[in-house]
Amino acid sequence: MFDIKWIRDNPEALDDGLRRRGEAPCAAELLDLDEKRRGLQTTLQEARQRRNDASREIGAAKKNGEDAGALMDEVASLKERISALEEEERTTGEALEARLAGLPNIPDPEVPVGEDESANQLVRSHDAPPVFPFTPRDHTAIGEALGLMDFERAARMSGARFNVLRGALARMERALAQFMLDLHTEHFGYEEVNPPALVRDNALYGTGQLPKFAEDLFQTTDGRWLIPTAEVPLANLHAEEILDADDLPRRYAAMTWCFRSEAGAAGKDTRGMIRQHQFNKVELVSITHPDRSAEELERMTGCAETVLQRLGIPYRVMMLSTGDMGFAARRTYDIEVWLPGAETYREISSCSNTGDFQARRMNSRFRPGGEKGTRTVHTLNGSGVAVGRALIAVLENYQQSDGSVIVPQVLQPYMGGTEVITPHV
RNA sequence: GGAUGGGUGGCCGAGCGGCCGAAGGCGCUCCCCUGCUAAGGGAGUAUACCCGAAAGGGUAUCGAGGGUUCGAAUCCCUCCCCAUCCGCCA
């Protein structure tokens, strides 16, 4: 959400940013609305001032037993005028707000311009894809051969895009989540949080999923929403709050279920557990001083990368192009893991700096030392990392020719020392 | 599901229908006093918009929206939210 004051001062910056995103420029339209509203406010203000003065005069006149008829007539006509003006001022203001709420964040200058992911820029890669002495299988084949990944039974009770994990794979999923949370909390200073998975409209409005992307979400019959990511409850932790400058940065990590309708993904990734309606994700959220968010994004991305380094999974980091970035993001790094079975890189983490875009919607501020007043904080979010996809990456990268899967060393303590998962017979 | 109470400034908390943007306290900022890990005194301390070079002035905002009234934080209605009690339940 943009500050209309900022747009007044930087209309060309807004339009330029929107253009790079492939959106129509609209600063002129917004400023028209803004000007109209302010004009109405001024007119309104004068009418009200007269009404207030007249009312006071009426009170005084009555107290002195004088006739106030003329004044009362004047006030009566002012009242009609005022309520008409109020109505117009309100609708103009609402139109402006609605327009502003629907605008995506504008990209950082360094973000590559492009229509889609083909314009994403390689930032760095870590470990080359390994060469297998046999033809590596994809995670679905591996999981089903192990007898520990069951899409059929999941579909029977829940439909497509669900799966059942069993035995060692269920445990490995849990081990992954625990390993990640321990790393982020013990090593990187994040505070572990266990937040609600159902939230109200205003929380989703704050992070930018609403009002535009309701169709991507599941809603409950009582009007709440299932979170599509823990970013929502974590970022909203400080909604409507004023933090002390000394409290920044705040760093939060949570492992939650994430629920997505995948409304626009029909026919995409239908096989396997790449794209599910329900998945676990460890999410990182940082709330920072505006001057610190750029460096925090690098740090956060590094935290997510460390997960993969310790797991020993090859990956690369991409800077998303303007066409591939999310609504609220100013700059985003995707981390993509190498999947030998699929012979491709797949996104496993997405780390974004939203600047003050979400914070303004949530009204999260801080009190800068020295200055008076408050300033808007910056918020960042990143997967650290998607647990289901991490499981896929482990399966495909650690598979052996006999169908067994080696357990990465860092996970073994979380799996009672299990070193290898072998097929059921 | 049933029954109550409540939503006021950064926080707590007052507020006869006009003199309330709002007492008081806390916190914070600046100044003074004080020479000891204490305290005391004074001033200031919401946001948006308009006018103004500035000082300053004006309008609106006391959960949201409507209504009553010449005039509403204060009365009425609707909605949202919070809390407590009872019932039910992991």
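Residues numbered from 1 in each chain as written. Chains lettered and ligands numbered in written order. Predicted model: local features only at pLDDT ≥ 70, side-chain atom pairs only at ≥ 80, totals over all residues. Heavy atoms only, no water.

Observations regarding the overall build of chain A
Rules: Think of it this way: any DSSP run of H or I at least four residues long counts as a helix, any run of E at least two long counts as a strand, and we number them from the N terminus. Only protein chains enter the accessibility calculation, which uses a 1.4 Å probe; a residue whose area is less than 20% of its type maximum is buried, one above 50% is exposed, and one in between is partly exposed. By definition in these notes, contact holds between two residues if any of their heavy atoms fall within 4.5 Å. The Shrake-Rupley method, run with a 1.4 Å probe sphere, supplies the accessible areas, and residue values consider only the shown protein chains as cover. Positive charges come from Lys and Arg, negative ones from Asp and Glu, while His and the chain ends are left out of the count. The location of each charge is read from NZ of Lys, CZ of Arg, CG of Asp or CD of Glu.
Within chain A, the regular secondary structure consists of twelve helices and 17 strands. Structurally, chain A occupies a C-alpha span of about 105 × 45 × 40 Å along its principal axes. Looking at chain A as a whole, 49% of its 425 residues qualify as buried. Put simply, 71% of the contacts in chain A that link residues at least 6 apart link residues at least 24 apart. Surface accessibility of chain A: about 20,200 Å² in total, with carbon and sulfur atoms responsible for 46%. The centroid of the 50 positive side-chain charges in chain A is displaced by 2 Å from the centroid of its 67 negative side-chain charges.

Regarding the sheet that holds strand E14 (residues 375-376)
So the rule is basically this: Here the rule is simple: two strands pair whenever DSSP picks up at least two bridges between them.
Read from one edge to the other, the open sheet built from three strands follows the order E7-E13-E14, with strand pairing classed as mixed. With one partner strand each, in any of the chains shown, strand E7 (242-244) and E14 form the two edges of the open sheet. Examined bridge by bridge, E7 and strand E13 (residues 365-367) share three bridges and lie parallel to one another. Opposite Asp244, over in E13, you have Arg367 as the bridge partner.

Quick look at the protein's contact with RNA strand B
Note the following rule: Here, proximity means that at least one heavy atom of the residue falls within 4 Å of the molecule or strand. Whenever a nitrogen or oxygen atom comes within 3.5 Å of another N or O atom, the pair is scored as a polar contact, on the condition that within protein one atom can donate a hydrogen and the other can accept it, and that pairs from neighbouring residues in sequence are kept only if both atoms are in side chains. All amino acids are sorted into three groups, where Ala, Val, Leu, Ile, Met, Phe, Trp, Tyr, Cys and Pro are nonpolar, Asp, Glu, Lys and Arg are charged, and the leftover types, Gly among them, are polar.
Neighbouring residues of RNA strand B: 21 residues in total, closest Arg38, Gln45, Gln49, Arg200 and Arg367. Backbone atoms, meaning sugar plus phosphate, form 84% of the atoms of RNA strand B positioned within 4 Å of the protein. In the environment of RNA strand B, a base nitrogen lies 2.6 Å from a nitrogen or oxygen atom belonging to the side chain of Gln45. Within the contact set of RNA strand B, a phosphate oxygen lies 3.3 Å away from a side-chain nitrogen or oxygen of Asn52. Secondary structure elements with two or more residues in the surface near RNA strand B: helix H1 (4-9), helix H3 (27-63) and helix H4 (69-101). With twelve residues, H3 is the single largest residue contributor to the surface near RNA strand B. Classifying every residue of the surface near RNA strand B gives four nonpolar, seven polar and ten charged.

Points about helix H2 (residues 11-20)
All of the buried residues along H2 are Leu14, Asp15, Gly17, Leu18 and Arg20. Residues of H2 that are buried in the fold lie against H1 and H3.

Observations regarding the domain arrangement of chain A
In many reports, interface size means the accessible area that the parts give up when they come together. Test applied: These domain boundaries are the output of an automatic or database domain assignment.
Domains assigned within chain A are domain 1 (4-101) and domain 2 (117-421). Once you take the C-alpha centre of each, domain 1 and domain 2 turn out to be 45 Å apart.

Overview of the pairing of strand E11 (residues 331-339)
Within E11, nine of the nine residues are buried, which leaves the element mostly enclosed by the surrounding structure. Residues of E11 alternate between two faces, with Arg331, Tyr333, Ile335, Val337 and Leu339 on one and Thr332, Asp334, Glu336 and Trp338 on the opposite face, all of them buried. Here strand E10 (residues 315-319) runs beside E11; their pairing, made up of five bridges, is antiparallel. Residue pairing across strands places Arg316 opposite Glu336, the latter belonging to E11. Where E11 meets strand E12 (residues 344-353), nine bridges bridge the pair, whose relative direction is antiparallel. Looking at the pairing, Leu339 lines up with Thr344 of E12. Between E11 and the antiparallel strand that follows it, E12, lie four residues; Glu343 among them carries a positive phi value of about 55°.

Observations concerning the side chain of Ser404
Here Ser404 lies in the loop between helix H12 (387-397) and strand E16 (405-406). A relative accessible area of 2% means that Ser404 is categorised as buried. Only 2.6 Å separates the side chain of Ser404 from the side chain of Asp402, close enough to count as a polar contact.

As for the nonpolar core
We count it as follows: Buried Ala, Val, Leu, Ile, Met, Phe, Trp, Tyr and Cys residues form a nonpolar core when they are joined through side-chain atoms within 4.5 Å.
Ranked by internal contacts, the top residues of the largest apolar core, which has 54 residues, are Met172, Leu176 and Met180. No other element matches helix H7 (residues 167-187), which puts nine residues into this core. The residues touching Leu176, leaving out its near neighbours within four places in the chain, are Leu311, Val387, Ala390, Leu391, Val394 and Leu411. Core analysis: the second largest hydrophobic core is formed by 18 residues, Ala27, Ile106, Ala328 and Phe357 among them.

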